[in-house]
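Listed below are the residues making up each chain.
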Amino acid sequence: MHTFLVVLLIIDCISLIAVVLLQSSKSAGLSGAISGGAETLFGKQKARGIDLVLHRITIVLSVLFFILTIAVTYFKL
């Protein structure tokens, strides 16, 4: 059981890294945060299309990562 969960965790980690790298950047670095990148923080610009799909996949993979990490720790015995 422990080995199976570790394999799932590794697959989830690789998938999460790939999905995060596929997302487009929301601002132009530090200058974007100072001069108006905060608008995306408060939801004035909504994600559409592939950005929305990647955003939702990132959330699902992140939650799965935490669940699998706790499960691996629990079943390590």
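In this text, all values refer to a predicted model and were calculated from it rather than measured experimentally. (Residues numbered from 1 in each chain as written. Predicted model: local features only at pLDDT ≥ 70, side-chain atom pairs only at ≥ 80, totals over all residues. Heavy atoms only, no water.)

Draft legend 1. Examining the environment of Ile-10 more closely. Among the structural elements, Ile-10 can be located in helix H1 (residues 2-22). According to the relative accessible area criterion, Ile-10 is partly exposed, its value standing at 47%. Placed 58 residues apart in sequence, Ile-10 and Leu-68 show a C-alpha to C-alpha distance of 9.8 Å. (Helix = DSSP H or I, 4+ residues; strand = E, 2+ residues; numbered from the N terminus. Buried < 20%, exposed > 50% of the residue type's maximum accessible area, 1.4 Å probe, protein only.)

Draft legend 2. Representation of the nonpolar core. Counting five residues, the largest nonpolar core consists of Leu-5, Leu-9, Leu-68, Ala-71 and Val-72. A per-element tally of this core places helix H4 (residues 50-74) first, with three residues. Ignoring anything within four residues of it in the chain, the contact list for Leu-9 reads Phe-65, Leu-68, Thr-69 and Val-72. (Core = buried A, V, L, I, M, F, W, Y, C linked by side-chain atoms within 4.5 Å. Contact = heavy atoms within 4.5 Å.)

Draft legend 3. Quick peek at the packing of aromatic side chains. Overall, the coordinates contain two aromatic pairs when judged by the stated rule. Measuring from centroid to centroid gives 5.6 Å for Phe-65 and Phe-66, while their planes differ by 75°, and the two rings are edge-to-face. Given a relative accessible area of 27%, Phe-65 falls into the partly exposed group. Ring geometry for Tyr-74 and Phe-75: centres 5.1 Å apart, planes at 80°, overall edge-to-face. (Phe/Tyr/Trp six-rings, centres within 6.5 Å; stacked < 30°, edge-to-face > 60°.)

Draft legend 4. Fine view of H4. Over its 25 residues, H4 extends 36 Å from the first C-alpha to the last, a length consistent with the 36 Å expected when each residue adds 1.5 Å. For H4, the complete set of buried residues consists of Leu-54, Thr-58, Leu-61, Leu-68, Ala-71 and Val-72. Buried residues in H4 make contact with H1. (Expected span 1.5 Å × (residues − 1).)

Draft legend 5. Up close: a nonpolar patch on the surface. There is a patch of nonpolar side chains on the surface, built from Met-1, Tyr-74 and Phe-75 and spanning about 390 Å² of accessible area. With respect to the helices, strands and loops of the structure, Met-1 is situated in the segment before H1. (Patch = residues over 30% accessible without salt bridge, like charges linked within 9 Å, V, L, I, M, F, W, Y side chains within 5 Å. Areas by Shrake-Rupley, 256 points an atom, 1.4 Å probe, with all protein chains shown as cover. Salt bridge = Lys/Arg side-chain N within 4 Å of Asp/Glu carboxyl O.)

Draft legend 6. Spatial organisation of H1. Its 21 residues give H1 an end-to-end C-alpha distance of 30 Å, which sits within 8% of 30 Å, the value for a rise of 1.5 Å per residue. Along H1, the positions that sit buried rather than exposed are Leu-5, Leu-9, Asp-12, Leu-16 and Val-19. Buried positions in H1, seen along its axis, are confined to an arc of 100° and lie on one side of it. Exposed and oriented more than 90 degrees from the buried face of H1 are Thr-3, Ile-14, Ile-17, Leu-21 and Leu-22. Contact partners of the buried residues in H1: H4. (Arc of directions from axis to C-beta.)

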